[in-house]
Every structure is written in C-alpha cells, then in structure tokens.
Amino acid sequence: MSSTTDAAVSPILHEGSAEAAETEAATKNLVFVAAERLFALHGFQNVSVRDITAAAGVNLASVNYHFGSKDALLFEIFRRRTAELNRERARMLHEANDRNAGKPPVREVLAALLTPPLRWLAPDHERRISLQFLIRARSEGTDEIRQILKSDVSHLRRFSDALLVARPDLPPEEVYWRLHFTLGMLHNNRFAEFDRLNVLSDGTTSEADVVALLARMLAFAEAGFAA
C-alpha cells in the first residue's frame, strides 16, 4: 500500500476506533446505571447478572467484560458514588473554612457532613437511587465493601479535625464519640426506617421535606456537641 493510500485510510481507521470506544463506554455506562438501580431497589443477592444485562439491554457477557464480575461491578458503583458524595462534603467544608478563617463553628462543620446525603435523599434528586444503593451497601455489601466501611476513615478525618478545632474545650475522646453518634443518626435514615417512623407517628412525619429533615438533624447533632 502506498503512503498516499495509508494517509487516506488512517483517518478512517481512527474514526472507526473512536466509534468503537464510544460504543464500549456507552455499554459500560448502561450496565452501571441498570445495576445501581436494580441493586438499590431489590438488594444485592436478589439481582443476577442476567437481570442486569436484560435491564441494560446489552449482551449477557457485558458485566464480566467491562467489570470482571458482579462483585467487582458492585464495588465500582460503591467506589464511584462514595467518592462523589465525599467530594461534595469536602467542598462544603472547604467553603466553611474559607468563611471562618479556618475555624468553622460546629453547625457549619455538621452541615457539610449531613447536607450532601440529605440532598440526594430528595424525591426529585438525580442521585436518590444512588443514596438508596449506598444505604444497602452498608448492610448487604461484599466483603471488600465491608472492609472499606470498617477501615477507611480518610473522608471523616477532615470532619473530626474541624470539630476538634471548633470544640477545643471538649476532650478529644468526647468529640469522636459525638461524631460517631451523629453518623449513627445519619445512617439510620434508611427507607425502611422512614416507613416505620411514619407508622409510629400516625402519618405526621415525612422524609420528603428534605429541608425540614436537615434542619431537625442539624439541630439535634449541634445540641449533642453543645451538651
């Protein structure tokens, strides 16, 4: 083949390669989104690879091809969504630091911690299903996910550090315990728990009002640090 012919064919080959890469990326995203929704709604053990590929409208081999296994797909969803959530938290805490010369008050630290997941909880938020997935991951996740939940505290360290600065009068042990209790309140906001609360309150409570829910949680957590 002449150099002239090579020059003519090269852009065509490049274009074909780019289209193939786009197709693969689109397929991978379809699998990711379908799996996240199915896992969030039905639980990890109740969803098969066949269920995922059928919902995504892709070949049965797509899960293994793009992610390696069902468990690896689970972990990738968990990794990506927790990273996204914690970036939002870090951004809010950074803004609070800027507003307060590096020493934000307790309420602003807690707001940076609690606001992003509460925003995701809103019925019309695009990440509501992602939050439901993360809630399930805490109780139904793979061994790898459970190990991360148990040992990776890097995203929490910035909040404990900020709270130690905000409450220098408290022993550090107390700050850590109170942060732990705050996280317990946050993690109890599972959809089944909301249903139970609604029954207990004879229908007077609703998690749909996310602004009011966040205000209640902040007031409760702030009072815990003020005690």
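Residues numbered from 1 in each chain as written. Predicted model: local features only at pLDDT ≥ 70, side-chain atom pairs only at ≥ 80, totals over all residues. Heavy atoms only, no water.

(A) Layout of the packing of helix 4 (residues 70–99) against helix 8 (residues 154–166). Following both chains from N to C, one finds helix 4 and helix 8 inclined at 25°, their axes separated by 10 Å at the closest point. In terms of their interaxial angle, helix 4 and helix 8 are classed as roughly parallel. In this structure, the crossing between helix 4 and helix 8 has a hand that is left-handed. Judged by residue contacts, Asn 86, Arg 89, Ala 90 and Leu 93 of helix 4 engage His 155, Arg 158, Phe 159 and Ala 162 from helix 8. When the residues that make up the contact of helix 4 with helix 8 are grouped by side-chain class, the tally is four nonpolar, two polar and two charged. (Axes fitted to C-alpha atoms, helices over the stretch in contact; angles between N-to-C directions. Helix = DSSP H or I, 4+ residues; strand = E, 2+ residues; numbered from the N terminus. Parallel < 35°, antiparallel > 145°, perpendicular 65-115°, else oblique. Left-handed = near helix turned anticlockwise from the far one by under 90°. Contact = heavy atoms within 4.5 Å. Nonpolar A, V, L, I, M, F, W, Y, C, P; charged D, E, K, R; others polar.)

(B) Broad picture of the side chain of Arg 167. Within the secondary structure layout, Arg 167 lies in the loop between helix 8 and helix 9 (172–187). Under the relative-accessibility criterion, Arg 167 is labelled buried at 14%. Here the side chain of Arg 167 touches Asp 169 through a polar contact of 2.4 Å, side chain to side chain. (Buried < 20%, exposed > 50% of the residue type's maximum accessible area, 1.4 Å probe, protein only. Polar contact = N/O pair within 3.5 Å; in protein donor to acceptor, adjacent residues only side chain to side chain.)

(C) Local environment of the packing of aromatic side chains. One pass over the full model with this rule turns up five aromatic pairs. With a centroid separation of 6.5 Å and an interplanar angle of 45°, the aromatic rings of Phe 39 and Phe 133 are classed as tilted. With a gap of 94 residues between them, Phe 39 in helix 1 (residues 3–42) and Phe 133 in helix 6 (residues 128–140) connect regions that are remote in the sequence. By the burial criterion, Phe 39 is buried, and Phe 133 matches it. Cation over ring: Lys 28 sits above Phe 67, and NZ or CZ is 5.3 Å from the ring centre. Against the face of Phe 32 rests Arg 80, its NZ or CZ located 3.9 Å from the ring centre. (Phe/Tyr/Trp six-rings, centres within 6.5 Å; stacked < 30°, edge-to-face > 60°. Lys NZ or Arg CZ within 6 Å of the ring centre and 35° of its normal.)

(D) Examining the nonpolar core more closely. In terms of nonpolar packing, the biggest core is built from 59 residues, with Phe 39, Ile 52 and Phe 133 touching the most fellow members. Tallying contributions element by element places helix 5 (residues 106–121) first for this core, with 10 residues. The residues touching Phe 133, leaving out its near neighbours within four places in the chain, are Glu 36, Phe 39, Ala 40, Phe 44, Leu 74, Ile 77 and Phe 78. (Core = buried A, V, L, I, M, F, W, Y, C linked by side-chain atoms within 4.5 Å.)

(E) Structural detail: the environment of Arg 89. Relative to the helices and strands, Arg 89 resides in helix 4. Other than its neighbours up to four places away in sequence, Arg 89 contacts Ala 112, Leu 113, Pro 116, Pro 117, His 155, Phe 159 and Leu 186.

(F) Examining unusual backbone geometry more closely. Residues other than glycine seldom take positive phi values, yet Ala 101 does so here, at roughly 55°. Despite not being glycine, Asp 202 shows a phi value in the positive range, around 55°. By the secondary structure assignment, Asp 202 is in the loop between helix 10 (191–200) and helix 11 (210–226). Under the relative-accessibility criterion, Asp 202 is labelled exposed at 71%.

(G) Quick peek at the environment of Ser 206. Tracing the backbone through its elements, the reader meets Ser 206 in the loop between helix 10 and helix 11. Put simply, Ser 206 and Asp 195 are 11 residues apart on the chain and 8.9 Å apart in space, counted from C-alpha to C-alpha. At 3.2 Å, the side chain of Ser 206 forms a polar contact with the backbone nitrogen of Ala 208.

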